[in-house]
Amino acid sequence: VFEPKLLLTDGVASLVDVHGRVEGQMRYSRVFDVVWGGRRHVMMGASQIDRFGNQNISCIGPHEQPKVQLLGVRGAPGNTVHHTTSYYVGRHSSRVFVDAVDMVSGVGPRDGGHELRRIVTNLGVFDLSGPGRTVALRTLHPWATIEEVQKATGFEVHVPQTLRMSRAPTPLERRWLD
């Protein structure tokens, strides 16, 4: 078991190891007990994130007539208001990291969200430790540069004076990722 405290909670699911063996299951009878408990650390994706950690997975463009309809808000409001949340963004870009999200699906802490712990992208790991609780670079991945991060973000990212590099994945982790 590579992460014994990992729990998939937003539906009936099985967690499998790299060999396809089931390591754990979430049965439907337990989903709502876990979701309502307020003790989860939720990991979600994001179509847009602003400097204050507000997230959008609903639509691109004005809500009344969007250019693109996405998933809808789904469980994002409840997740972000009641649970610690982190976001994963596979491709860091200025289309995702925007000055203001087109619709708030996930609520950032400044606007009433519980806690935004991390934003993990292909360029680095971020949190809200910047001025005024704004997005800050926590660690930079070894293959990225600060300039790439700033260029791929639609707002100024706070960079601490002492910046750590992210740990490179182990060979086994690379195998899982590939």
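Up top you'll find the structure we're talking about.
What you see is a predicted model; the values in this text were computed from it and never measured.

Considering the overall build of the protein
At step 1: The number of helices and strands found in the protein is 4 helices and 12 strands.
At step 2: Over its C-alpha trace the protein gives a radius of gyration of 17 Å, about what one expects of a compact globule, namely 16 Å for 178 residues.
At step 3: Each principal axis of the C-alpha atoms in the protein carries an extent, and together these give about 45 × 45 × 30 Å.
At step 4: The burial tally for the protein puts 38% of its 178 residues in the buried class.
At step 5: If you take every contact in the protein between residues at least 6 apart in sequence, the share linking residues at least 24 apart comes to 59%.
At step 6: Of the roughly 11,000 Å² that the protein leaves accessible, carbon and sulfur atoms contribute 53%.
At step 7: Averaging the locations of the 21 positively and 17 negatively charged side chains of the protein gives two centres separated by 4 Å.

Here's the deal with the pattern of salt bridges
At step 1: In the structure shown here, the tally under the stated rule is 6 salt bridges.
At step 2: We note a salt bridge from R117 to E115, for which the minimum N-O separation is 2.8 Å.
At step 3: Take R117: its relative accessible area is 31%, and that puts it in the partly exposed class.
At step 4: The salt bridge involving R138 is made with D127; its shortest N-O contact spans 3.3 Å. Of the two residues, R138 sits in strand β11 (residues 134-140) while D127 sits in strand β10 (residues 124-130), which places them 11 residues apart along the sequence.

Some thoughts on the environment of S94
At step 1: Its location among the elements puts S94 in the loop between β8 (84-89) and β9 (115-121).
At step 2: Taking relative accessible area as the criterion, S94 reaches 40% and is therefore assigned partly exposed.
At step 3: Taking the C-alpha atoms as reference, S94 lies 25 Å from R167; in sequence the two are 73 residues apart.
At step 4: Sequence-distant contacts of S94, that is, excluding residues within four places in its chain, are made with A152, T153 and G154.

Structural notes on the pairing of β9
At step 1: Bridge count for β8 against β9 is 6 bridges, and the pairing is parallel. Its bridge partner lying in β9, Y87 is registered against I119.
At step 2: As paired strands, β9 and β10 are joined by 2 bridges and run antiparallel to one another. Bridge pairing links I119 to F126 in β10.
At step 3: Hairpin connection, β9 to β10: the antiparallel pair is bridged by 2 residues.

A closer look at the packing of aromatic side chains
At step 1: Inspection of the entire model under this criterion finds 2 aromatic pairs.
At step 2: Aromatic ring contacts, followed pair by pair, group F97, F126 and F155 into a single cluster.
At step 3: The ring of F52 has R110 sitting right over it, with the charged end atom 3.7 Å from the ring centre.

Remarks on the sheet that holds strand β12 (residues 164-165)
At step 1: With respect to topology, 6 strands assemble into an open sheet ordered β3-β8-β9-β10-β11-β12, the strand pairing being mixed. The open sheet terminates on both sides in strands that have one partner only, identified here as β3 (41-45) and β12.
At step 2: Taken together, the 5 bridges between β10 and β11 define a ladder with antiparallel strand orientation. When the bridges of β11 are listed, D127 appears paired with A136.

Notes on unusual backbone geometry
Among all residues except glycine, the phi angle is most often negative; among peptide bonds, the trans geometry is most common.
At step 1: A positive phi angle is found at R74, which is not glycine, with a value near 50°.
At step 2: With respect to the secondary-structure elements, R74 resides in the loop between β7 (68-69) and α2 (76-82).
At step 3: Of note, R133 is a non-glycine position whose phi angle comes to about 60°, a positive value.
At step 4: Residue position: R133 is located in the loop between β10 and β11.
At step 5: For R133, a relative accessible area of 47% puts it in the partly exposed group.

Scoring rules and cut-offs
- Within each chain, residue numbers correspond to sequence positions counted from 1 in written order.
- At least 70 in pLDDT is required for a residue's local features to be given in this predicted model, at least 80 for side-chain atom pairs to be given and counted, and no such filter applies to totals for whole chains, interfaces and linings, which use all residues.
- Hydrogens and water molecules were not included; the side-chain quantities draw on all heavy atoms of the structure.
- Per the convention used, a helix needs a DSSP run of H or I reaching at least four residues, while a strand needs a run of E reaching at least two, with both numbered from the N terminus.
- Radius of gyration here uses only the C-alpha atoms, and the compact-globule reference equals 2.2 Å multiplied by the residue count raised to the power 0.38.
- With a 1.4 Å probe rolled over the protein chains alone, any residue whose accessible area is under 20% of its type maximum counts as buried; one over 50% counts as exposed, and the rest are partly exposed.
- Two residues form a contact once any of their heavy atoms are found within 4.5 Å.
- A 1.4 Å probe and the Shrake-Rupley method give the accessible areas. Residues count as covered only by the protein chains that appear here.
- In this tally, Lys and Arg are treated as positive and Asp and Glu as negative; His is ignored, and so are the chain termini.
- For charged residues, the charge sits on one atom: NZ in Lys, CZ in Arg, CG in Asp, CD in Glu.
- We count a salt bridge whenever a side-chain nitrogen from Lys or Arg sits within 4 Å of a carboxyl oxygen from Asp or Glu.
- Here, strands pair whenever DSSP counts at least two bridges between them.
- Under the pairing criterion, centres of Phe, Tyr and Trp rings, with the six-membered ring standing for Trp, must be within 6.5 Å; the plane angle then separates stacked pairs below 30 degrees from edge-to-face pairs above 60, leaving the rest tilted.
- To sit over a ring, a charge needs its Lys NZ or Arg CZ within 6 Å of the ring centre and within 35 degrees of the ring normal.

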